Amino acid sequence: DGLTWTVYSDGLLSLAGTPSNGEMYDYVYEGETAPWMEYVDQITALEIEGGVTLITEEAFAGLKNLIWVQLFDAEVEEIADGAFKNCTNLRRVILPDSVKTIGELTFAGCYRLWEVSMGSGMNEIGEQAFSGCVSLTSVKLGDNLKDSGVASNAFLDCHRLVEVITKDTAVVKG
């Protein structure tokens, strides 16, 4: 599909190349398991380089040792439902300006996730996108994100969330 991947000895999963339509192969839809899941215990970092516009449904779900994600020169516009669900060691997510949509349950169950920063392109956060992220304390929303673009339960059970930073101000929650 034009996308190549490599798992390095230091735990880095690197995806590069240009899929034919910009979308990663949808292993879940096709009833298959992503080939990198064979290395689920070894993967601690993920980098996606240019060309990919869609991270497909549950593409990296369950990578229990994944700590960080980097989208280098990425053109990612959408992160589909459950893409990083139950990545229980994921700590910090910084999304570039290209990302416009986070699907339902995208980061659900990432209970060690403590910080999220979204780029200016973000305009939609799906249902329960960050549900169960019990360590999440700070979220920086994209400059163009409107209230109507955030599902009412996007941060369900994020009990430690104390700071939501918007373009103009920091909103402190309870």
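Residues numbered from 1 in each chain as written. Predicted model: local features only at pLDDT ≥ 70, side-chain atom pairs only at ≥ 80, totals over all residues. Heavy atoms only, no water.

Asker: Report on the nonpolar core, specifying residues and quantitative values.
Answerer: Core analysis: the biggest nonpolar cluster contains 50 residues, and I55, F60, F84 and F130 have the highest contact counts within it. Broken down by secondary-structure element, the contributors of at least two residues to this core are β2 (12-17), β3 (45-49) and β5 (68-72). Leave out the neighbours within four places in its chain, and F84 touches L46, I55, F60, A61, L66, V69, I79, T106, F107 and C110. (Core = buried A, V, L, I, M, F, W, Y, C linked by side-chain atoms within 4.5 Å. Buried < 20%, exposed > 50% of the residue type's maximum accessible area, 1.4 Å probe, protein only. Helix = DSSP H or I, 4+ residues; strand = E, 2+ residues; numbered from the N terminus. Contact = heavy atoms within 4.5 Å.)

Asker: Hey, could you go over the side chain of S135 for me, with residue numbers and the actual values?
Answerer: Considering the arrangement of structural elements, one finds S135 in the loop between β10 (124-125) and β11 (138-140). At a separation of 2.6 Å, a polar atom in the side chain of S135 contacts the main-chain carbonyl oxygen of Y111. If near-sequence neighbours (up to four positions away) are discounted, S135 is found in contact with Y111, R112, L113, W114 and R160. (Polar contact = N/O pair within 3.5 Å; in protein donor to acceptor, adjacent residues only side chain to side chain.)

Asker: Residues and numbers for the side chain of S117, please.
Answerer: Tracing the chain through its elements places S117 in strand β9 (residues 115-117). The buried category is assigned to S117, whose relative accessible area is 18%. Discounting chain neighbours no more than four positions away, the residues touching S117 are V93, I94, L95 and K140.

Asker: Lay out the sheet that holds β10 with the relevant residues and their values.
Answerer: Across the sheet, four strands lie side by side as β4-β6-β8-β10; this open sheet has parallel pairing. Of all the strands in the sheet, just β4 (54-55) and β10 have a single pairing partner and so form its edges. Relative to strand β8 (residues 101-102), strand β6 (residues 78-79) is paired through two bridges, and the arrangement is parallel. Note on β8: the bridge partner recorded for I79 is I102. (Pairing = 2+ DSSP bridges.)

Asker: Go over unusual backbone geometry, please, and point to the residues and values.
Answerer: Although it is not a glycine, N86 adopts a positive phi angle of roughly 60°. For N86, the position within the fold is in the loop between β6 and β7 (92-94). Its relative accessible area of 39% is what places N86 among the partly exposed residues. Despite not being glycine, D157 shows a phi value in the positive range, around 60°. For D157, a relative accessible area of 40% gives the class partly exposed.

Asker: Go over the pairing of β3, please, and point to the residues and values.
Answerer: Here β3 lies mainly inside the structure; four of its five residues are buried. Here β2 runs beside β3; their pairing, made up of four bridges, is parallel. Counted as the bridge partner of L12 is A45 from β3.

Asker: Lay out the environment of E30 in plain terms, naming residues and giving numbers.
Answerer: Relative to the assigned elements, E30 resides in the loop between β2 and β3. Note on E30: relative accessible area 43%, which makes it partly exposed. With 55 residues separating them along the chain, E30 and K85 place their C-alpha atoms 19 Å apart.

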